[in-house]
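Here is how the chains run, residue by residue.
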Amino acid sequence: MSKAFVIIVFLSGFHIPTYANEKEDLRKLGDKINSLDDAGEYHLVIENALKLYDLASKSTSDSLKMEYRCLSYLFLLDRYKGADVVVFEKTFNKFKSEIENKLFISYRIQYGYLINYYELLKIHNNYADILKVLEQTEKLILKYQYVRSGREFCWRMQMVYTRRGDVYLKENNFRNAQVQYELALSYALKTDALYYKAEHKFWGYQRVQLIKLFSLAAITNDKPAINKYTQQLNQIKKKSLYDKLWNKELIENTLKNKDITRDQINRILTQMESNELLSNSPQVFMDISQYFLDSDYILEATRYKNRALALLPAYLNQPSVNIQFALLQASLELKNCNYKAMDSLIQSSKDLLMSDEDKNTNSVIPGKLMENLSFMQKATALYNQAYKNSEDTAFIGQGARLDDKAIHILNALRMGLSGEADRTHLLTQLTDLCKGALFNYSELAKIHNLSDLQLNSVLNFFEANKAFNLLINRQFKNTLSARENAEIDAIENEIDRINNTLSTSIDFSDSLTNLKRELLDSSRNKYESAILKSRFKPALSIQMIQNRLLSDQSLIEFFNADTNMYVLLINQNEVIFKSIVSNRKNGIPGLDELLVKLGQYIYEGSDQGARPLKEYSKAAYQIYTLLISPIVNKLKNKIIIIPETNMSTLPWAALLTEQPSTTNCKKWPYWVKTHTIATQHSLSLWLNDGFSEETTGENKFKISFSGFAPYFDNLNYNQAECNDLKNLMQGNAYLSEDANLKKFTDCAHNSRILHVSSHAKASPINQDSSYIRLQDDILYSGEIKRISIPTDLVFLSACETGIGQMISAEGVMSLARSFFTAGARSVISTLWKVNDKSTSSQVKLVYEHMLAGESKDEAIRNMQLDYLKSVPNSEKAFPFYWAAYQCQGDLKPLFKKRTMSTLALMTFLPLFIFIFIGISTYLFPVIFLKKPSP
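Residues numbered from 1 in each chain as written. Predicted model: local features only at pLDDT ≥ 70, side-chain atom pairs only at ≥ 80, totals over all residues. Heavy atoms only, no water.

Details of the overall build of the chain
Moving on, step 1. Assigned secondary structure in the chain consists of 36 helices and 16 strands.
Moving on, step 2. The contacts in the chain between residues at least 6 apart in sequence include a share of 72% that link residues at least 24 apart.
Moving on, step 3. Within the structure as shown, the chain displays about 44100 Å² of accessible surface, and the carbon and sulfur contribution to it stands at 53%. (Helix = DSSP H or I, 4+ residues; strand = E, 2+ residues; numbered from the N terminus. Contact = heavy atoms within 4.5 Å. Areas by Shrake-Rupley, 256 points an atom, 1.4 Å probe, with all protein chains shown as cover.)

Quick notes on the pairing of strand E3 (residues 575-581)
Moving on, step 1. For strand E2 (residues 564-570) and E3, the ladder comprises 7 bridges, and the chain directions are antiparallel. Residue pairing across strands places Leu569 opposite Ile576, the latter belonging to E3.
Moving on, step 2. Connecting E2 to the antiparallel partner E3 that follows it, the hairpin turn spans 4 residues. (Pairing = 2+ DSSP bridges.)

Section: the nonpolar core
Moving on, step 1. In this structure, Leu52, Phe95, Leu269, Met272, Leu278, Ile288 and Phe292 are the most contacted members of the largest nonpolar core, which totals 92 residues.
Moving on, step 2. Apart from residues lying up to four places away in sequence, Phe292 is in contact with Leu255, Ile265, Asn266, Leu269, Tyr297, Glu300, Ala301 and Tyr304.
Moving on, step 3. Leu334, Met342, Leu555 and Leu687 belong to the second-largest nonpolar core, a separate cluster that totals 81 residues. (Core = buried A, V, L, I, M, F, W, Y, C linked by side-chain atoms within 4.5 Å. Buried < 20%, exposed > 50% of the residue type's maximum accessible area, 1.4 Å probe, protein only.)

So, unusual backbone geometry
Moving on, step 1. One non-glycine residue, Glu276, adopts positive backbone phi at about 60°.
Moving on, step 2. Residue position: Glu276 is located in the loop between helix H12 (262-274) and helix H13 (282-294).
Moving on, step 3. Relative accessible area serves as the criterion here: at 65%, Glu276 is assigned to the exposed category.
Moving on, step 4. The phi angle at Ala467 is positive, at roughly 50°, despite the residue not being glycine.
Moving on, step 5. Among the structural elements, Ala467 can be located in the loop between helix H22 (452-463) and helix H23 (468-479).

A closer look at the side chain of Asn465
Moving on, step 1. Topologically, Asn465 is positioned in the loop between H22 and H23.
Moving on, step 2. Residue Asn465 is classed as buried on the basis of its relative accessible area, which comes to 10%.
Moving on, step 3. Side chain to side chain, Asn465 and Glu644 meet in a polar contact 3.0 Å long. (Polar contact = N/O pair within 3.5 Å; in protein donor to acceptor, adjacent residues only side chain to side chain.)

A short note on the side chain of Glu854
Moving on, step 1. Within the secondary structure layout, Glu854 lies in the loop between helix H34 (836-851) and helix H35 (856-870).
Moving on, step 2. When its relative accessible area of 13% is taken as the criterion, Glu854 is described as buried.
Moving on, step 3. At 2.9 Å, the side chain of Glu854 forms a polar contact with the side chain of Asn862.
Moving on, step 4. Sequence-distant contacts of Glu854, defined by excluding residues within four places in its chain, comprise His849, Ala859, Asn862 and Pro893.

Things to note about helix H6 (residues 127-143)
Given 3.6 residues to a turn, an α-helix orients residues that are three or four positions apart in the same direction.
Moving on, step 1. Over its 17 residues, H6 extends 24 Å from the first C-alpha to the last, a length consistent with the 24 Å expected when each residue adds 1.5 Å.
Moving on, step 2. Regarding H6, the residues found buried are Tyr127, Ile130, Leu131, Val133, Leu134, Thr137, Glu138, Leu140 and Ile141. (Expected span 1.5 Å × (residues − 1).)

Regarding helix H21 (residues 431-447)
Moving on, step 1. With 17 residues, H21 extends 25 Å between its outermost C-alpha atoms, agreeing within 8% with the 24 Å of an ideal straight helix rising 1.5 Å per residue.
Moving on, step 2. Listed in full, the buried residues belonging to H21 are Leu433, Cys434, Lys435, Gly436, Ala437, Leu438, Phe439, Asn440, Tyr441, Ser442, Glu443 and Leu444.
Moving on, step 3. For H21, the elements touching its buried residues are helix H18 (369-390), helix H19 (394-415), H22, strand E1 (553-561), E2 and E3.

Remarks on the confidence of the model for the chain
Moving on, step 1. Per-residue pLDDT for the chain averages 81, and the proportion of residues at 70 or more is 81%.
Moving on, step 2. Considering only residues more than four positions removed or in separate chains, one finds that residues 900-907, a stretch of pLDDT under 50, has 3 contacts.
Moving on, step 3. Counting interchain partners and residues more than four positions distant, the pLDDT-below-50 stretch residues 926-934 has 2 contacts. (pLDDT = per-residue confidence, 0-100.)

With respect to the sheet that holds strand E5 (residues 676-679)
Moving on, step 1. In space, the 5 strands of this open sheet follow the order E3-E2-E1-E4-E5, with mixed pairing throughout. The open sheet is flanked by E3 and E5, the only strands paired with a single partner. Strand-to-strand, the axes of this sheet are offset by a mean angle of 20°, without reference to chain direction.
Moving on, step 2. Along the sheet, H21 contacts E1, E2 and E3; its crossing angle with E1, the most-contacted strand, is approximately 120°. (Axes fitted to C-alpha atoms, helices over the stretch in contact; angles between N-to-C directions.)

A look at the sheet that holds strand E15 (residues 826-830)
Moving on, step 1. On the basis of which strands lie adjacent, the open sheet formed by 6 strands has the order E7-E6-E8-E12-E15-E16 and mixed pairing. Whereas interior strands pair on both sides, the edge strands pair on one side only; in this sheet they are strand E7 (732-735) and strand E16 (885-889). For this sheet, the mean angle separating the axes of adjacent strands, direction not counted, is 15°.
Moving on, step 2. Bridge count between strand E8 (residues 751-757) and strand E12 (residues 793-797): 5 bridges; the pairing is parallel. Directly across from Val756, in E12, lies its bridge partner Leu796.
Moving on, step 3. The sheet strands contacting helix H30 (residues 718-729) are strand E6 (703-709), E7, E8 and E12, and the helix crosses E6 at an angle near 170°.

So, the pairing of E2
Moving on, step 1. The element E2 is extensively covered by neighbouring structure, given that 7 of its 7 residues are classed as buried.
Moving on, step 2. Burial along E2 is two-sided: the face carrying Asn564, Tyr566, Leu568 and Ile570 and the face carrying Met565, Val567 and Leu569 are both buried.
Moving on, step 3. By the bridge criterion, 7 bridges tie E1 to E2 in an arrangement that is antiparallel. Each residue of the ladder has a partner; that of Leu555, found in E2, is Ile570.
Moving on, step 4. Between E1 and E2, which pair antiparallel one after the other, the connecting turn spans 2 residues, and Asp562 there sits at a positive phi close to 65°.

A word on the packing of H21 against H22
Moving on, step 1. At a minimum axis separation of 10 Å, H21 and H22 run at an interaxial angle of 145°. Of the two elements, H21 crosses H22, and the hand of that crossing is left-handed. Contact residues: H21 offers Leu433, Cys434, Ala437, Leu438, Tyr441 and Leu444, while H22 offers Gln454, Ser457, Val458, Phe461 and Phe462.
Moving on, step 2. Here the residues of the contact of H21 with H22 are counted per class, giving 9 nonpolar, 2 polar and no charged. (Left-handed = near helix turned anticlockwise from the far one by under 90°. Nonpolar A, V, L, I, M, F, W, Y, C, P; charged D, E, K, R; others polar.)

Observations concerning the packing of aromatic side chains
Moving on, step 1. Enumeration over the complete set of coordinates arrives at 36 aromatic pairs.
Moving on, step 2. Summarising the aromatic geometry, the rings of Phe292 and Tyr304 are spaced 5.7 Å apart at their centres and angled 20° between planes, so their arrangement reads as stacked. Here the residue Phe292 occupies a position in helix H13, and Tyr304 occupies one in helix H14 (residues 298-311), the gap between them amounting to 12 residues. The pair Phe292 / Tyr304 is uniform in exposure class, with both members buried.
Moving on, step 3. Centre to centre, the rings of Phe744 and Phe819 are 6.5 Å apart; their planes meet at 70°, and the pair counts as edge-to-face. Here Phe744, found in helix H31 (residues 741-748), pairs with Phe819, found in helix H33 (residues 815-821); they are 75 residues apart in sequence, far enough to count as distant.
Moving on, step 4. In this structure Phe744 comes out as buried when scored by relative accessible area, which is 1%. (Phe/Tyr/Trp six-rings, centres within 6.5 Å; stacked < 30°, edge-to-face > 60°.)

Describing the pattern of salt bridges
Pairing is possible between side chains of opposite charge, provided their charged atoms come close.
Moving on, step 1. The tally for this structure, following the rule as stated, stands at 22 salt bridges.
Moving on, step 2. Across the pair Glu138 and Arg164 runs a salt bridge, and its minimum N-O distance is 2.9 Å. Of this pair, Glu138 sits in helix H6 while Arg164 sits in helix H7 (residues 150-170); the two residues are 26 residues apart in sequence, bridging distant segments of the chain.
Moving on, step 3. Overall, the relative accessible area of 15% leaves Glu138 in the buried class.
Moving on, step 4. Take Arg164: its relative accessible area is 9%, and that puts it in the buried class.
Moving on, step 5. With a closest N to O distance of 2.7 Å, Asp296 and Lys335 form a salt bridge. Taken together, the residues Asp296 in the loop between H13 and H14 and Lys335 in helix H15 (residues 319-335) connect sequence positions 39 residues apart.
Moving on, step 6. Judged by relative accessible area, Lys335 falls into the partly exposed class, the value being 39%. (Salt bridge = Lys/Arg side-chain N within 4 Å of Asp/Glu carboxyl O.)

Details of the environment of Ile488
Moving on, step 1. With respect to the helices and strands, Ile488 occurs in helix H24 (residues 482-504).
Moving on, step 2. Separated by 298 residues in the primary sequence, Ile488 and Arg786 place their C-alpha atoms 9.8 Å from one another.

Thoughts on the environment of Glu420
Moving on, step 1. Its place among the elements puts Glu420 in helix H20 (residues 420-429).
Moving on, step 2. Once the C-alpha coordinates of Glu420 and Ile472 are considered, the two residues, 52 residues apart in sequence, prove to be 9.1 Å apart.

Some thoughts on the environment of Leu427
Moving on, step 1. With respect to the helices and strands, Leu427 occurs in helix H20.
Moving on, step 2. Separated by 38 residues in the primary sequence, Leu427 and Asn465 have C-alpha atoms spaced 6.5 Å apart.

Written out as structure tokens, the structure reads:
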């Protein structure tokens, strides 16, 4: 072998790993940006796209440098598109210069360039060049069709023809537009079929293309084409679940098409009506009127409102139709600033809903509760807008009076719903009602002090989107017998199967929905209604909370209303209700942005880079300033926080009360240094768990402590942790093969404290798929909540046990939540991936503080303070290493407080005995056996 060959082999062996490492780092960052994009964290997409550009610029490979710098531009262009035209164009020009005169450019970069060029030309209405770009795009897609997936190829071809058809339609070249839309339709059929084959879902690309073709035929008055597409639309109408939904789909796809004029929209709607694609009903015409009204086309909105009015006499016995019409008319009067007429129409709508008795009381309005709430939501929105337009505070009072009744209806409606999904969907639908109500009360509070009734309404609107399903499930689990619980589990499994079938099927199945309804009505509804009506009252009052609060406790609850954050602070003798601006303002990031940044910097700061430490401290102080500073003077020593869903994973203890001037984390002014802080899922659960009349304590359980620690190669300290705790707590430890599912389920029902030290993984997309590992089993969150676990404490010493899928109006679907559902009175969990070695000593410290009689929140705080005092270097004082643990549920002490004298006596008693014996042995002969002097 020649020396030259050896040198070449050596050099290639030296460089290839370098390229491989660079490529892997770039790929990982690209994947991270995709994940942030999917999660809607667009500000972080921009920030990390810039990081990707910088990282790619340092690459030793020219091809990697160009590929990933171009990819960073594509991420940026996706975010700037439609948001900032100037920045979009500047970024595109930089992207264009990056790829000019390059010999090889990947398909991904070429396609991204052409699509963004199309978007830029569309901004400038340069339709001639758009057609050229679309032609280039088509050739590129065809060139690479065999190396891309079939779905991707068909979808992209469909989009090329659709966009080309839109250009021809805009130029009134109707013949060419039809040709392009027909080609798009042919690919839409293939795309739908491929998506259904892969995901068993009806995506509706065919429907969208048929509506475009029908619209074009209506514009050109092409009767044969109108008839053809009418027939095809009627054929796929069966795939839509309801006629009402079908009508909305047709109207939305027509009215929201920006490439057609106002007159063309009218012609399309006329043809749809004459071809019986739209039902001849007042609801349809009211929907059309509302769409025109939202676009400020008052003339058309009025015309279709009058069309609906002509059909109303046939609906005199349907109050819901008449109420919808009155509110539509009230919206028109609001647009015309005729506030008196608007108010009169709202009052007449209310008369249709309420009896005379109901108008003067706070009783629940009989009849269809959802219709009542829908009315309340729309009427509140009208009054709010009228107030904003006129600054007439009378409208705030009117809205608040409606809201006082709305909260009673909302509670009653939730009590009557059997399924979790239905209750969550209800609150999702009525989020605007809650936001509107809190706006009314916050504006009213600026005029005069709120009454007790109004403060109670405020409290219950705060609680409306806080873990109601968790509360119901706990009531459910603790009330039913074992046989009844088993029956309910079987029913829920069957309902899950039906829901899955319905969500993945194209066709609407009456038999399946009827079966689901029968299952709910015959079983779960029967049990749940009995429990709720006899034992559970969802309405809360300020007085109930104050009666339970200790003199050194403050309770803070948050409600996210997009641009505003509402804050409710309750102490024993006072209530404070505030509105805080939480969106981006004057260059200061908004709350959502800050929360995401904080989470990002916690992980990055664990690597001890100077920039993450500085950025973390800035974000932690800004969050404290935004949320806590406005009420800090009213806070007691112990704080209980009911967070909004977007704050659920925030490490409150690690917020900073001042902006630090040093990167020495040990000297930072953490909030935990001044207050004891705990979070709860909801106020209702806090009341239920913390002050239950159920007996608790050691005598209730056969086993004081059960610890589980499976063996894993990459967990070196979990078994030692469990052994130490077994000795400390005088309980049992199950290690390696003993840490199995059977032992776990056997101990779960009989142990006062259940401790698991293992691997865990949170699922951000499926609430039942988070899991914790036993030795030979994986215990999923969906399984945990169906086990009976009535422990005083579950301690989850594992990664990510307090995080999971976030569901609006419910909270975080974590492993901790599953243990609550299963009956645990309190759960200690983690907010991120914790270090095996460092957390083992922290866990032991928490138990030692609990044994000393401290409450669970105090035990965690004192562990954190002990850690910060004793940690040998400032790097390990960063919050990543100590702020992950949180306790929710019953915070009360597990053990009686032991005084220092008692502790000292127990510690030094053996020494005292030893000394006493020694002294006695020496003195006895001296004193009693000493000879008398002569």
